[in-house]
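# Working through the structure, step by step
This is what each chain is made of:
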Amino acid sequence: MLDIILIRNEPERVRQAMRDLNDEDALVRIDLILELDEKRRALLVDVERMRAEKNEASKRIGISRDPKEREVKIGEMKSLNARLDKLEGELREIEPHLNEEVLWIPNIPAEGVPVGADESANITVRQVGDLPQFDFEALPHWDIGPMLDIIDFERGAKLSGSRFYVLKGLGARLQRALITWMLDVHINQHGYTEIYPPFMVRSECMLGTGNLPKFGENLYHDHEEDFWWVPTAEVPVTNLHRDEIIDGELLPIYYVAYTPCFRREKMSAGRDVRGIKRGHQFDKVEMVKIVQGDPEVSERELLALLDNAEDICRQLGLPYRIVQMCTGDLSFVSAKKFDVEIWAAGSGEWLEVSSCSNFHDFQARRMNMRYRPEKGEKTRYPHTLNGSGLALPRVMIGILENYQQADGSVVIPEVLRPYMGEVEVIKAPEA
RNA sequence: GGAGCGGUAGCAUAGUCUGGCCUAAUGCGCGCGCCUGGAAAGCGCGUGAGCUGAUGAAGCUCCGUGGGUUCGAAUCCCACCCGCUCCGCCA
C-alpha cells in the first residue's frame, strides 16, 4: 500500500510510476483517491470540531446537578447530534471507499529499475555455469520421469485432474532431499531461521502481502470459512509480524520456510501443461527478510538474498541466469525484482526457479507491521523482501534434464547424496 | 460440536454488576535524573498507537471486531472473531 501522504503530496510522481508500470487502471484510481482524500479531510475538520463540542457538553451534563439546566443541554445535544450524524454518515461512506481504492494501487518501482512495457525489456544481468553438452539426444523430464518410474502423470490426473502428478520411489525421495538440503543450506550457511507456518490463512494475510484483493481468482479458498490456501510461504511468513511493533534491535530478520503452494493458474490456462513445470500444487522453500526501512539497506539485502538463491544453483551445479524485471513486468507489490532461471537441457528452455523481490514498505503498510529503531523513537515501516530458495519441481526438472546420461539414468548431484541414502544414480527399473 | 470463563495500550492486572471528574488506573518493564569511586537498592520525573493540523497550538479516534440503545458506553443490548478450561469426538 502506498502512503496516502505520498499520493497527496507528489501526485505527479505517483502518476508517472503508474505509467511506467503500464497500469491504466491505477492511473484512473489515483485521481479518484485524491478526490476522496480531499473530501475526507474537509469532512474530518467539521466532524472533529463537533465531536469536541459534544464531548465538552456531555461532560458538563454529567457534572450538572440542576435538572432544568440538564434538560436544556440535553435538548441542545440532540440537535447537534442530528447534524453530526449526517456528517459522520458521509465520512463512513468515504473512508472505506478510500481505503479500498488504495489497496488497488501497485507499488512504485525502485530507482534504477529499467523502464519498459513488457518482458521484452527485461535485462539479463549475468549467466553462470556452462550449458551441458550431450553426445546423445537429451530428453525432456516428462519422458525421463516415467522411464525411470519416478513420475506418474496418468495416476496424478486420475486422482486430481490435469496439472497434478505423483512422485514415486527415488523421485519422491529426491524431492524430499531437496527440501531438507535447501533448508539446511539457508539455515546453516546463510543465517536464516526456519519457520513451519500454517498452509491456510485468513484473508487479512492475503491482503497484507498483496494477493488480495486483486489476485483472488488465482487462489484456492474454503467455501465455508475464511481460509485461503497459501500460494507461497511468503504469505504466512511475512504476516508473522502483522499488526506488531518489532523491536528495532531484532532487525534484520531472516526467515526460511518450506511449504506446498497452491495456485489455480487461471491466468496461464492451457500454458505449460506438460510435465511438472506448472502444477496446481508444488513445493517451495522460501526466504523472507524484514529489514530497516531504508532503500539502501533493503537494496543490499536484496542482492544478498539473490546470492543466497543463486548459491543453491551453484551448489547443485545447475547453469543459470539472472534476469532483472523492467517496470512493465514487475509484480503488483514489487519495487524491484530479479528472477533466477535455470537451464533445462531436455526441454530446451530457461525455467524460473526463483523470484527475488524488494517490496520496500508496501507490504508492511498493508499489514500494519512497524518497528521502533531506537527506544523512545517513533515507529517506522520496515522493508520486506522475499525470494524462492528454490521452487522444487523446476529444480527437479533441472536435475533430471541436465544430469541425464546416455543410458537414460540420472546422476544425483553430490550435495544431495547424504540426503538420499548415498544413492548416486537413479536408474530405470529392470525390464 | 456442547458447557463455562475470558480478550483493557510492551507484559501483568483493576475498572464492567450500579453508564457521567475513565479523555482509562496500578504494578512490572523501559527512559532520564538524583544518590555512588562505580553499580545495585532507594527516591523523583517520564513512558501506548494512530489521524487532522505545519514536525506549532489545539483537537479527534482506538478498551477483540462490527452494529445498536443513550445527551453520554470499557461499562447496557445484538451478532461475529479469537483464546483458555472441562466434556464429546478424533490422528
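Residues numbered from 1 in each chain as written. Chains lettered and ligands numbered in written order. Predicted model: local features only at pLDDT ≥ 70, side-chain atom pairs only at ≥ 80, totals over all residues. Heavy atoms only, no water.

## So, the domain arrangement of chain A
Filter applied, for reference: These domain limits were set by an automatic method or by a database of domain assignments. The contact definition used throughout considers only heavy atoms, calling two residues in contact when any of these lie within 4.5 Å. As a working definition, buried area equals the accessible area (1.4 Å probe) given up by two parts on being put together, with both sides summed. Salt bridges, as used here, are contacts in which a Lys or Arg side-chain nitrogen is within 4 Å of a carboxyl oxygen on Asp or Glu.
Each assigned domain of chain A is listed with its residue range as follows: domain 1 (4-103) and domain 2 (119-426). A C-alpha centroid distance of 43 Å is found between domain 1 and domain 2. Across the boundary between the two partners, domain 1 contributes four residues, which contact eight residues of domain 2. Interface area, domain 1 with domain 2, both sides summed: about 520 Å², of which 55% is carbon and sulfur. When the area that domain 1 buries against domain 2 is broken down by residue, the three leading residues are Asp20, Leu21 and Leu103, summing to 79%. At the boundary of domain 1 and domain 2, one finds one salt bridge.

## Looking at the protein's contact with RNA strand B
Using the following cut-off: When we say a residue is near a molecule or strand, we mean one of its heavy atoms is within 4 Å of it. What qualifies as a polar contact is a pair of N or O atoms within 3.5 Å, subject to a donor-acceptor requirement within protein and to the restriction that residues adjacent in sequence count only when both atoms come from side chains. Helix numbering and strand numbering both begin at the N terminus, where a helix is a DSSP run of H or I of at least 4 residues and a strand a DSSP run of E of at least 2. For this classification, Asp, Glu, Lys and Arg are treated as charged, while Ala, Val, Leu, Ile, Met, Phe, Trp, Tyr, Cys and Pro are nonpolar and the rest, including Gly, are polar.
The environment of RNA strand B is made up of 24 residues, and the closest members are Arg41, Lys78, Asn81, Arg202 and Thr379. Of what RNA strand B places within 4 Å of the protein, 72% of the atoms are sugar or phosphate. A distance of 3.4 Å is found between a sugar or linking oxygen of RNA strand B and a side-chain nitrogen or oxygen belonging to Arg40. A distance of 2.6 Å separates a phosphate oxygen of RNA strand B from a polar side-chain atom of Arg202. Of all the secondary structure elements, the ones that give two or more residues to the surface near RNA strand B are α3 (24-63), α4 (67-103) and β13 (370-372). Element by element, the count of residues in the surface near RNA strand B is highest for α3, at 13 residues. Of the residues in the surface near RNA strand B, the class split is six nonpolar, five polar and 13 charged.

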